[in-house]
Amino acid sequence: MKNYLEINVVRFIHLLRHAGIRIGSGEVIDALNALALLDLSDRDAVKAALKATLVKRPGEQPVFNKAFDVFFAPPEAKEKQSTEYRQKLDEHQQQLEQAGEELSFQGTALDLSDKEKTVYASIPDKDREKLLDYINKTSSGKNVEQHFKPLLESVVKGSLSYWRKSLRDELDLSDRPQTGDQDIDALVDAVGSTGEGGFGSLLEEDMQNIADKDLPRAQALIRKLARQMVARISRRYRQSKKHKQLDLRKSIRHNIRFGGTMFRLRYRSRRVQKPKLILLCDVSGSMARYASFVLQFIYGIHAVVGSIESFVFSEDLERVTESFEQGANFNATMLDVINRSSEWGRGTNLAASLRTLRSKHAHILTGNSYVLIVSDTKTMALDEAVREVSQLKRRVKDIIWLNTLPQQEWEHGKTVQTLKNVVRMYPCNTLSELEAVMRRKIII
Amino acid sequence: MKGRMKKLEATIANLRKTFTDLGYITDEEVLTTVYLSLKLEKPLLIEGAPGVGKTELAKVLSQVFDTDLIRLQCYEGLDENKALYEWNYQRQLLKIQISKETACVEDLEQDLFSEEYLLERPLLKAIQSEKKVVLLIDEVDKTDEEFEAFLFEVLSDFQVSVPELGTIKARQIPMVVLTSNNERELSDGLKRRCIYLYLDYPTVDREIEIIRARIPDIGDKLSLEIAKAVSLIRSDQDIKKKPSIAETLDWGRALVTMEKDRLTKNAVDQTLNLLLKTKSDIDAFKSNIGAVRLEEYVRTEKS
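Numbering of residues begins from 1 in every chain and follows the order in which that chain's sequence is written. All chains are assigned letters beginning at A, and all ligands numbers beginning at 1, according to the order in which they are written. Reporting of local features is limited, given that this is a predicted model, to residues whose pLDDT is at least 70; pairs of side-chain atoms are given and counted only at 80 or more, and all residues count toward the totals for whole chains, interfaces and linings.

**What to know about the confidence of the model for chain A**
Inference 1: Confidence of the predictor in every single residue is expressed as pLDDT, which spans 0 to 100. Averaged over all residues, the pLDDT of chain A is 76; the fraction at 70 or higher stands at 75%.
Inference 2: Throughout, a residue-residue contact means that the two C-beta atoms, derived from backbone geometry, are no farther apart than 7 Å. Throughout residues 193-199 of chain A the model reports pLDDT below 50, and contacts reaching past four residues in sequence, or to other chains, amount to nine contacts.

The following block contains the structure:
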């Protein structure tokens, strides 16, 4: 067949792109040029050539290896894969249909997303029966009318969201690949389900959903991100050697020894002050996991920010700076803080917490400190909280709010909308968002 | 492209042979990648942990083609003046002082901006060279992003313009090798222009070959045990600075000098500081592995 090689390579690249590897068109041409130089029957050489021209991040190598094996598999294996994939799709579709039939209220189906239905299909039989039983009882109860449906829906959704969290290690809720080419869909699915997608998948995962088994990997990733950031920021605080503005006075003084000939020039450079960070972590029930990630990251960049004061808050505020400065193992420290703190896992009262900050720790609120609040904005006494935040804002350089709610949920939250008007708010739901916000916004 | 550039036709087989002759033991993937970079005349970007032989590869390449190695060591704050060219400012001043009264002003100006007063820095040197040289841009991740952008301009066109002199075009496109420790992610632009190679620590078998190639009078048993020991130490998560290949070789030479033919607990204790060079790493080794267990490990498991 004509252009057989080109078509195959392009299809393979298509697969790689869907697996999350960024490939430019220049690189495609490189790959084809490279293959022209090699013996195409030498599998290892072909693999090396494609790897060298297309995959340029160490983390992507496992994905590439897997994709290569899947794509350049013998025809029988490929056929098997494709059938398996179709079976999987059918099964999934059946599950959804069954769930849709079961989850209904007086004959009309409940308004649930496909993901919620998948969760429903995966919960243990006994608990599923219980839930179903509850739905049936409600829908057939006395005086139950159609407008009860939204109420039931929210109860069911609540229960499913609980199961989604407790089953997060087993569930596969990733969206089905949709490339418009079923063969490639099957391959993408096979590549994606290997579970060794490097760091890429973890970066985009809601921090709260990072499974326990992934924690070591997440921590390694945080360390790496923090190290890269240290390298980037420390450059900025180094005295600039770049020649910007001539310092005439210093130059003349310095060159007197050469008889006034301008032999060595002196330049002005601006001294940059390191920012101080005041970190307020919300540690009420749902927030604990986020807080531990954010704290780890911040302490990772400890070396380049001036000083960090950290507090945890829920109903009131508590200072935890010392615990983290002893330099002990991070996990042990974190555990220690959780055990010791009386604030861990309670309701949130931002207003009271900020009041304590202002009254008890007034000396650290200075003109060059940044306040970082890590919270999902769910607080009691909202109006008071807004007042406190605006008061605090006048005392410090800036307040930056890292919101752990996924950004698409922002518009539904009243607290988010109100607080957003007072402070700069950034999404901080995944590790990559955390990294992005730290990189762009903090150290100005 | 003509002239005395290559005595040797670059093929994978030839590369394999000359690399081995020079004591650089490596695998097919590396050879293929190097070969492609030579043939496509694209810069070779090598990433990997410190001490896996990235810089060494460039040095070996210059030996293979019997040509000069021009090295640009990158560091924070490296700028065009240090990398490309600079006017010899002091010399120009002296010239002005000397010829203050005698020379004609226009001649002097012409004269001051001639090649005589141009300080060649590595990039310009590589471009101006008559021979096809190997240009090693070492630890490119240490530079600033602006410099990186400037660099990939030079690397895609292989020409530079000096405002006072005009454009200088490369006589021979140099073989460019960039290395990075991945301290910071390099820009997509730079990566796109390069052929990419990720070097990892060698496998136990490969490391045995390296040890034998570099330390000819080492015994079979000792080289096997050293390779296994180093691979175990590298796999320990708590050891921050993993032993490099060069350190493995130093260790091997030390053990040979001490006339050891097996790895024993005593020998390990005495020579550990050749392999691990910070206190925290040595502590981690002692608490996680320990000399006794290391000796047992290299003895019991057959590979």
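On we go.
**Observations regarding the sheet that holds strand 8 (residues 369-375) of chain A**
All names here are of chain A.
Inference 1: DSSP bridges decide pairing: two strands pair if at least two such bridges lie between them. Where helices and strands are cited, they refer to DSSP runs of H or I of at least four residues and of E of at least two residues respectively, numbered from the N terminus. Reading across the sheet, the six strands line up as 7-6-5-8-9-10 and stay open at both edges, with mixed pairing between neighbours. Two strands bound the open sheet, and with one partner strand each, they are strand 7 (317-319) and strand 10 (424-427). Across the sheet, the axes of successive neighbouring strands diverge by a mean angle of 25°, strand direction being ignored.
Inference 2: Pairing of strand 5 (residues 276-282) with strand 6 (residues 307-313), which is carried by seven bridges, proceeds in the parallel orientation. Pairing of Cys-281 across the sheet is with Val-312, part of strand 6. To obtain each axis, a line is fitted to C-alpha atoms, and for helices this fit is confined to the stretch in contact; angles are then taken between N-to-C directions over 0 to 180 degrees.

**As for the interface of chain A and chain B**
Inference 1: Listed by partner, the interface residues are 27 residues for chain A and 26 residues for chain B.
Inference 2: Of all the elements in the fold, those that place two or more residues in the side of chain A that touches chain B are helix 2 (25-36), helix 3 (43-54) and helix 11 (215-237) of chain A.
Inference 3: The biggest single contributor to the side of chain A that touches chain B is helix 3 of chain A, with six residues.
Inference 4: The nonpolar class holds Ala, Val, Leu, Ile, Met, Phe, Trp, Tyr, Cys and Pro. Asp, Glu, Lys and Arg form the charged class, and all remaining residues, Gly among them, are polar. Residues of the side of chain A that touches chain B, tallied by class, amount to 10 nonpolar, seven polar and 10 charged.

**Some words on the packing of helix 11 (residues 220-234) of chain B against helix 12 (residues 245-257) of chain B**
Residue and element names in this part refer to chain B.
Inference 1: Where helix 11 contacts helix 12, the two axes come as close as 11 Å, and the packing angle between them is 140°. In terms of orientation, helix 11 lies oblique with respect to helix 12. Classified by chirality, the crossing of helix 12 by helix 11 is right-handed. Contacts from Leu-222, Ser-223, Ile-226 and Val-230 in helix 11 reach Thr-248, Trp-251, Gly-252 and Leu-255 in helix 12.
Inference 2: Partitioned by chemical class, the residues of the contact of helix 11 with helix 12 number five nonpolar, three polar and no charged. Should an angle fall under 35 degrees it is taken as roughly parallel, and over 145 as roughly antiparallel, whereas 65 to 115 is taken as roughly perpendicular and any remaining angle as oblique. The hand of a helix crossing depends on one turn: near helix anticlockwise from the far one by less than a right angle means left-handed, and clockwise means right-handed.

**With respect to the packing of helix 11 of chain B against helix 15 (residues 291-300) of chain B**
Residues and elements named next belong to chain B.
Inference 1: Axis separation between helix 11 and helix 15 bottoms out at 9 Å; the angle between their running directions is 125°. Taken as axis vectors, helix 11 and helix 15 run oblique relative to one another. The crossing of helix 11 and helix 15 is right-handed. In contact with Glu-225, Lys-228, Ala-229 and Leu-232 of helix 11, helix 15 contributes Leu-294, Tyr-297 and Val-298.
Inference 2: Grouping the constituent residues of the contact of helix 11 with helix 15 by class yields five nonpolar, no polar and two charged.

**Quick look at the sheet that holds strand 5 (residues 134-138) of chain B**
Residue and element names in this part refer to chain B.
Inference 1: Read from one edge of the open sheet, five strands run 2-5-8-1-9, paired in parallel fashion. If you trace the sheet from one side to the other, it starts and ends with strand 2 (69-73) and strand 9 (195-198), each paired once. Adjacent strand axes in the sheet meet at a mean angle of 20° when their direction is disregarded.
Inference 2: Contacts between helix 2 (residues 28-40) and the sheet are confined to strand 1 (44-47), strand 8 (175-180) and strand 9, with strand 9 contributing the most and set at about 160° to the helix.

**Points about helix 2 of chain B**
Quick reminder: α-helices carry 3.6 residues per turn. Residues three or four places apart thus point the same way.
Inference 1: One less than the number of residues in a helix, times 1.5 Å, gives the span that helix is expected to have. For helix 2 of chain B, spanning 13 residues, the distance from its first C-alpha to its last is 18 Å, which sits close to the expected 18 Å at 1.5 Å a residue.
Inference 2: The exposure scheme places C-beta atoms from the backbone and then counts, for each residue, the other C-beta atoms within 10 Å of its own, assigning buried at 20 or more, exposed at 12 or fewer, and partly exposed in between. Taken together, the buried positions of helix 2 of chain B are Val-30, Thr-32, Thr-33, Val-34, Tyr-35, Leu-36, Ser-37 and Leu-38 of chain B.
Inference 3: Summarising the contacts, the buried residues of helix 2 of chain B are in contact with helix 2 and helix 3 of chain A together with helix 1 (12-21), strand 1, strand 8 and strand 9 of chain B.
Inference 4: One or two steps after helix 2 of chain B, the chain reaches Glu-41 of chain B, where phi turns positive at roughly 55°.

**A closer look at the nonpolar core**
Inference 1: The nonpolar core is taken to be a set of buried Ala, Val, Leu, Ile, Met, Phe, Trp, Tyr and Cys residues joined by way of C-beta atoms within 7 Å. Formed by 100 residues in total, the largest nonpolar core has its most connected members in Ala-49 of chain A together with Leu-44, Leu-135, Val-177 and Leu-197 of chain B.
Inference 2: Core analysis: the second largest hydrophobic core is formed by 45 residues, Cys-281, Tyr-290, Leu-357 and Trp-401 of chain A among them.

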